[in-house]
Amino acid sequence: SVMAERSYDFLMPSVNFFGPGVIEKIGDRAKMLGMKKPVIVTDKFLEGLKDGAVQQTLASLDKAGVDYVVYNNVEPNPKIRNIKEVKKLYEESGADSIITVGGGSAHDTGKGAGIILTNGDDITKLAGIETLDKALPPLIAVNTTAGTGSELTRHAVITNEETHLKFVVVSWRNIPLVSFNDPTLMLDVPAGLTAATGMDAFVQSIEPYVSVDHNPITDSQCIEAIKLIETSLREAVANGHNLEARTKMVEAEMLAGMAFNNANLGYVHAMAHQLGGQYDAPHGVCCALLLPYVEEYNIVADPERFAELAKIMGENTDGLSTRDAAELSIKAMKQMSQDVGIPKSIKEIGAKPEDFELMAENALKDGNAFSNPRKGTKEDIIKIFQAAYDAK
Ligand code: NAD
């Protein structure tokens, strides 16, 4: 394939702790960063987990003599009210920094609070790409799902609870200073959540691979992420205590996070945000339900790349035409979803055809739509929603 001359800024956090047991280092690292009183941003379930991510984080901070306050009200698909509550607690308690502990929802709540602490109160005005003038307070992200990649990325995904619109603030200023990915904190993630978050990582390694913004660095990350997911997601869903499978899924979600941080995503995410905002459904499930229908639509934009994708996913493409080989990538996506127990149709998360028109309009305005390889109309997007609805 032809590659244009290109220049880019490649973004990721400066320090990323990875592996079993790394969580013990968070206290010293917080101290090293000059944190005197971070707000811990998490939810009640994670806070209550005996010897879980929150308790281990707090124990390490105690040991290092770092004070903290806890915000334990993160909601899935975090809302504007959540980031306002964190801001209020931050100001009232005299905090100076933020540590997020959880999955994408915790990290995005921490980022969203950081955004309104320094860039002005109305976050809806900051939706879009590189909209932030001021640095956020120092931010460490402790990740407990594999995963969204939010602990590494410049994206903050927030839902406006009044309009049901889920929007993205994309800025290099959102990238946490330090990330922690300790797979021992993920051993007890239930099968359904492992599947949903793993499918998010899968989509996040496919969309940047076919994105108009892909480059050789992100390609290599996507290819390795897909291979790791192909050989570990089913195992991690089947037996959560398989540390090898959990470790590979963390490596995969980190690679995918780095890839989409730089090569961006596409219509799967742009459309999944509409489903998430409208029906408050789990993000990974929304992504998985849309993936084969968006990519089927995308194939004509770059059949060779989809044929390569099929091979990376382990399909045998010997002797096939490029187009037939490309179709095998769609088959592999559907097989993965089925194997990990994702439902078949967006009907099952409450989607209604009468909402498709508005959701299609908003999807085309989403910050992730611009890098999709095929440029669609509103009618195209409605048809994709319909195909994902009719799926049996
Ligand atoms: P989540 O953060 O919403 O968590 C889902 C549930 O899992 C919560 O109830 C939580 O308590 C529980 N949980 C988390 N870790 C656990 C653990 N170790 N053991 C047991 N339970 C655990 O789920 P998520 O999929 O990680 O995040 C989804 C959100 O992230 C969505 O809002 C999505 O839009 C966003 N997202 C952000 C980015 C980004 O780059 N900023 C990328 C993709 C998705």
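Residues numbered from 1 in each chain as written. Predicted model: local features only at pLDDT ≥ 70, side-chain atom pairs only at ≥ 80, totals over all residues. Heavy atoms only, no water.

S.K.: Break down the side chain of Asn298 for me, with residues and values.
M.R.: As for its position among the elements, Asn298 is in helix 11 (residues 283–298). Beyond its immediate sequence surroundings of up to four residues, Asn298 is in contact with Phe306, Asn372, Pro373 and Arg374. (Helix = DSSP H or I, 4+ residues; strand = E, 2+ residues; numbered from the N terminus. Contact = heavy atoms within 4.5 Å.)

S.K.: Outline empty space enclosed by the protein, supporting the account with residue identities and numerical values.
M.R.: Evaluated as defined, the whole model comprises 1 cavity of 30 Å³ or more. Of the pockets and cavities examined, the largest cavity occupies roughly 70 Å³. Residue lining of the largest cavity: Thr145, Ala146, Met186, Val189, Thr194, Thr197, Gly198, Leu233, Arg246 and Met249, and that is the complete set. Those elements that provide at least two residues to the lining of the largest cavity are helix 6 (191–210) and helix 9 (243–263). Broken down by element, the lining of the largest cavity gets its largest block of residues, 3 residues, from helix 6. For the lining of the largest cavity, the class distribution of residues is 5 nonpolar, 4 polar and 1 charged. Three or more residues apiece are contributed to the lining of the largest cavity by two domains, here domain 1 (15–186) and domain 2 (191–390). (1 Å grid on protein atoms, 1.4 Å probe; cavity = no way out; pocket = protein on both sides within 12 Å on 5 of 7 lines; lining within 4 Å. Points joined across faces, edges and corners; volume = space filled by probe spheres on them. Nonpolar A, V, L, I, M, F, W, Y, C, P; charged D, E, K, R; others polar. Domains from an automatic or database assignment.)

S.K.: Quick rundown of the domain arrangement of the chain? Include the residues and the values.
M.R.: On domain assignment, one finds that the chain holds domain 1 (15–186) and domain 2 (191–390). Listed per partner, the contact involves 29 residues of domain 1 and 30 residues of domain 2. With both chains or domains summed, domain 1 and domain 2 bury close to 2400 Å², and 57% of this area falls on carbon and sulfur atoms. Looking only at domain 1, the three residues that lose the most surface to domain 2 are Phe18, Ala146 and Lys166, adding up to 22% of its buried area. Our enumeration of links across domain 1 and domain 2 arrives at 1 salt bridge. Among the salt bridges present, the one from Lys79 reaches Asp280, with a minimum N-O distance of 3.5 Å. Residue assignment for the side of domain 1 that touches domain 2 shows that the elements contributing at least two residues are strand 1 (15–18), strand 7 (155–160) and strand 8 (165–170). Across the side of domain 1 that touches domain 2, the residue classes break down as 12 nonpolar, 13 polar and 4 charged. (Buried area = accessible area lost by both parts, 1.4 Å probe. Salt bridge = Lys/Arg side-chain N within 4 Å of Asp/Glu carboxyl O.)

S.K.: Give a description of the site of the ligand that names residues and reports values.
M.R.: Taken together, 27 residues lie around the ligand, and Asp43, Ser105, Thr144, Thr145 and Thr153 are the ones closest in. Asp108 is positioned with one of its side-chain polar atoms (N or O) 2.9 Å from a nitrogen atom of the ligand. Here an oxygen atom of the ligand sits 2.9 Å away from a polar atom, N or O, in the side chain of Lys166. For the ligand, the accessible surface in isolation is 880 Å², of which the surrounding protein chains cover 90%. (Near = heavy atom within 4 Å. Polar contact = N/O pair within 3.5 Å; in protein donor to acceptor, adjacent residues only side chain to side chain. Areas by Shrake-Rupley, 256 points an atom, 1.4 Å probe, with all protein chains shown as cover.)

S.K.: Could you give an account of the packing of helix 6 against helix 12 (residues 303–312), naming the residues involved and the relevant values?
M.R.: For the pair helix 6 and helix 12, interaxial distance at closest approach is 10 Å and the crossing angle is 150°. Between helix 6 and helix 12, the crossing angle belongs to the class labelled roughly antiparallel. Crossing of helix 6 over helix 12 shows right-handed handedness. Note on element contacts: helix 12 touches helix 6 through Arg305, Phe306, Glu308, Leu309 and Ile312, opposite Ile206, Tyr209 and Val210. Its residues placed into classes, the contact of helix 6 with helix 12 shows 6 nonpolar, no polar and 2 charged. (Axes fitted to C-alpha atoms, helices over the stretch in contact; angles between N-to-C directions. Parallel < 35°, antiparallel > 145°, perpendicular 65-115°, else oblique. Left-handed = near helix turned anticlockwise from the far one by under 90°.)

S.K.: Residue-level account of the sheet that holds strand 2 (residues 38–41), with values.
M.R.: If you walk across this open sheet you meet the 6 strands as 1-9-6-4-2-3, and the pairing is parallel. Each edge of the open sheet carries a strand with a single partner, namely strand 1 and strand 3 (69–71). Each strand axis lies, on average, 15° off the axis of its neighbour in the sheet, ignoring direction. Sheet topology places strand 4 (residues 97–102) next to strand 6 (residues 139–143); 5 bridges connect them, and they run parallel. Bridge pairing in strand 6 places Ile98 opposite Leu139. Seen against the sheet, helix 3 (residues 53–64) touches strand 2, strand 3, strand 4 and strand 6 and runs at an angle of roughly 145° to strand 4. Each of strand 2, strand 3 and strand 4 is contacted by helix 4 (residues 80–93), which is oriented at about 165° to strand 3, the strand it contacts most. (Pairing = 2+ DSSP bridges.)

S.K.: Which residues make up the environment of Leu328, and what values do they have?
M.R.: Within the fold, Leu328 resides in helix 13 (residues 322–339). Leu328 sits in the buried class, given a relative accessible area of 16%. Sequence separation of Leu328 and Ile26 is 302 residues, and the distance between their C-alpha atoms is 44 Å. Beyond its immediate chain neighbours, meaning those up to four positions away, Leu328 contacts Ala310, Glu315, Asn316, Thr317 and Leu320. (Buried < 20%, exposed > 50% of the residue type's maximum accessible area, 1.4 Å probe, protein only.)

S.K.: Before we move on, could you go through the sheet that holds strand 5 (residues 128–129) and cite the residues and values that matter?
M.R.: Spatial strand order, 5-8-7: 3 strands in an open sheet with mixed pairing. Where the open sheet ends on each side, the last strands, each with one partner, are strand 5 and strand 7. Relative to strand 8, strand 5 runs parallel, the two being bridged by 2 bridges. Opposite Ile129, over in strand 8, you have Val170 as the bridge partner.

S.K.: Run through the nonpolar core, naming residues and quoting values.
M.R.: Grouped together as the largest cluster of nonpolar side chains are 74 residues, with contacts concentrated most on Phe202, Met271, Leu275, Leu290, Leu309, Ile346 and Phe385. The biggest single contributor to this core is helix 11, with 10 residues. Both domain 1 (15–186) and domain 2 (191–390) contribute no fewer than three residues apiece to this core. Excluding residues that lie within four positions of it along the chain, Leu309 makes contacts with Ile206, Tyr209, Val210, Ile226, Ser329 and Met333. Among the nonpolar cores identified, the runner-up in size contains 25 residues, and Ile98, Ala106, Ile115 and Ile116 belong to it. (Core = buried A, V, L, I, M, F, W, Y, C linked by side-chain atoms within 4.5 Å.)

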